[in-house]
Amino acid sequence: MIVGETHGLAAPRITRSTLALYAGASGDHNPVHIDTDACRAVGIPDVFAHGMLSMAYLGRLLTDWVPQERIRAYDVRFTAITPVNDTPVCTGTVTRIQGDCAHLDLKVALPDGTVTLTGSAVIALG
Amino acid sequence: MAIDPAIIGSRTAEHTVVVERGRLRFFAHATGQADPVYCDPDAAKQAGHRDLPVPPTFLFCLDMERPNPGAFYRDLGIDIRTILHGGQAFTYHAMAYAGDRLDFATRVTDVYAKKGGALEFIVRTTDVTRDGEPIAELVTTTVVRQIAADPTTKEASS
């Protein structure tokens, strides 16, 4: 890994089926992700994606890049909702090498430029 | 509704989960993970793992396997439709695998408000261990929004 090295991952369009599958697989059954009626009852216009689904896509970016056992830390802030039927794009960039670890900046953004997630990871150098 | 900061330090009942291969395959499918290391035990073994690895964010999902995962919010009078995930951090100490029996211990580590109380934040820290060996630490930040839940509509989820 070198400073400035960047990897990307284009997630598929997040459909209602994607959210139903993720709800089942993740165990997060909050109706705001799968039940439009339950959303509207509290003034939320439609279902939106689980933040952890975007974090899982970013996790795939990391494990496609390095063996998972080298990931020492991985944290994110969710900065905007991902509406259903949107297509997040994940990027990770090495910002510095310190000791035997690389530090990465992580981001997920939508095609309109909305940043939905920012984060960082610490990767042990192989 | 203001969340009482007195809940800082309170603990959720500890729980134990046995990691299942089938759930890991389902999670790989649901997250578009095509790497066979995460769904084929033979491929995992060829890559040096003793079974299917628990992927980086799946520990959060395993923590939701506790009995009554919504009870924490219900007991605070919070409708789960009003919450958002504000942040999530993982610190990893050792890999976990299918077949592992993992213990989860969670405590509330912070409570604060922003925007004059329109947004309230609850921070919880979870230690994951396997036979006492540290596997990971999770820090979960939940945002509670002040949107009016209609009490006549029933939550669809536990």
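The name that an unreviewed UniProt entry assigns to chain B is MaoC family dehydratase N-terminal domain-containing protein, with the source organism given as Yinghuangia soli.

Chain A appears in an unreviewed UniProt entry as Dehydratase from Yinghuangia soli. The record in UniProt for chain A states the following under Sequence similarities (unreviewed entry): "Belongs to the enoyl-CoA hydratase/isomerase family."

Peer 1: Would you explain the pairing of strand β3 (residues 101-114) of chain B in this entry?
Peer 2: Side-chain positions along a regular strand alternate between the two faces of the sheet. Residues and elements named next belong to chain B. With six bridges joining them, strand β1 (residues 11-18) and β3 adopt antiparallel strand pairing. In the sheet register, V18 faces β3, and the bridge partner there is R101. In this structure, β3 lies alongside strand β4 (residues 119-130), joined through 11 bridges in antiparallel fashion. From the neighbouring strand, R107 faces β4, where its bridge partner is T125. Between β3 and β4, which pair antiparallel and follow one another directly, the connecting turn spans four residues, one of which, K115, has a positive phi of 50 degrees.

Peer 1: For this particular structure, what's the right way to read the packing of helix α1 (residues 16-26) of chain A against helix α1 (residues 21-30) of chain B?
Peer 2: Packed helices, taken two at a time, are described by their axes: the angle between them and the distance between them. Orientation of α1(A) relative to α1(B), taken along the N-to-C sense of each, is 155 degrees, at an axis distance of 9 Å. By the angle between their directions, the pair α1(A) and α1(B) is classed as roughly antiparallel. Crossing geometry of α1(A) relative to α1(B) is assigned as left-handed. Across the interface between the two elements, A:L21, A:Y22, A:G24, A:A25 and A:S26 of α1(A) pack against B:R23, B:F26, B:F27, B:H29 and B:A30 of α1(B). Along the lines of polarity and charge, the residues of the contact of α1(A) with α1(B) split into six nonpolar, three polar and one charged.

Peer 1: Even after reading the chapter, I still don't get the UniProt feature "domain: MaoC-like" (unreviewed entry) in chain A, so can you show me in this structure?
Peer 2: UniProt annotation of "domain: MaoC-like" (unreviewed entry) refers to residues 13-96 of chain A when read in the numbering used here. A distance of 32 Å separates the end C-alpha atoms of residues 13-96 of chain A, which is 37% helix and 19% strand.

Peer 1: Looking at this model, I keep getting lost on the pairing of strand β5 (residues 133-145) of chain B. Mind explaining?
Peer 2: All names here are of chain B. Pairing geometry for strand β2 (residues 83-92) and β5, over nine bridges, is antiparallel. When the sheet's bridge partners are listed, L84 is paired in β5 with V143. Across 12 bridges, β4 lies against β5 in antiparallel orientation. Bridge pairing links F121 to V143 in β5.

Peer 1: Whenever I open this one, the nonpolar core confuses me. Can you help?
Peer 2: One recurring pattern in soluble globular proteins is that nonpolar side chains are buried together. The biggest cluster of nonpolar side chains holds 61 residues, and the ones touching the most others in it are A:L58, A:Y74, A:L104, B:L59, B:L62 and B:L102. Per-element tally for this core: the top contributor is helix α3 (residues 51-65) of chain A, with nine residues. Here B:L62 is in contact with B:H15, B:V17, B:V19, B:V54, B:L102 and B:F104, once residues within four sequence places are set aside. Ranked by size, the runner-up nonpolar core spans 11 residues in total, among them B:I78, B:I83, B:I122 and B:V144.

Peer 1: Just checking my understanding: could you explain the interface of chain A and chain B for this structure?
Peer 2: Size of an interface: often given as the accessible area lost when the parts come together. Facing the 37 residues of chain A at the interface are 41 residues of chain B. For the pair chain A and chain B, the interface holds 11 residue pairs in polar contact (both at pLDDT 80 or more). The set of elements that each furnish at least two residues to the side of chain A that touches chain B consists of α1, α3 and β2 (71-78) of chain A. The greatest single-element share of the side of chain A that touches chain B, amounting to nine residues, is contributed by α3(A). Looking at the side of chain A that touches chain B residue by residue, the classes come out as 21 nonpolar, eight polar and eight charged. Bridge analysis of β2(A) against β2(B) gives five bridges, and the strand direction is antiparallel. Each bridged residue has a counterpart across the sheet, and for A:R77 the counterpart in β2(B) is B:G87.

Quick notes on the rules
- Residues numbered from 1 in each chain as written.
- Chains lettered and ligands numbered in written order.
- Predicted model: local features only at pLDDT ≥ 70, side-chain atom pairs only at ≥ 80, totals over all residues.
- Heavy atoms only, no water.
- UniProt positions renumbered as here; feature names shortened; annotations may be inferred.
- Pairing = 2+ DSSP bridges.
- Helix = DSSP H or I, 4+ residues; strand = E, 2+ residues; numbered from the N terminus.
- Axes fitted to C-alpha atoms, helices over the stretch in contact; angles between N-to-C directions.
- Parallel < 35°, antiparallel > 145°, perpendicular 65-115°, else oblique.
- Left-handed = near helix turned anticlockwise from the far one by under 90°.
- Contact = heavy atoms within 4.5 Å.
- Nonpolar A, V, L, I, M, F, W, Y, C, P; charged D, E, K, R; others polar.
- Core = buried A, V, L, I, M, F, W, Y, C linked by side-chain atoms within 4.5 Å.
- Buried < 20%, exposed > 50% of the residue type's maximum accessible area, 1.4 Å probe, protein only.
- Polar contact = N/O pair within 3.5 Å; in protein donor to acceptor, adjacent residues only side chain to side chain.

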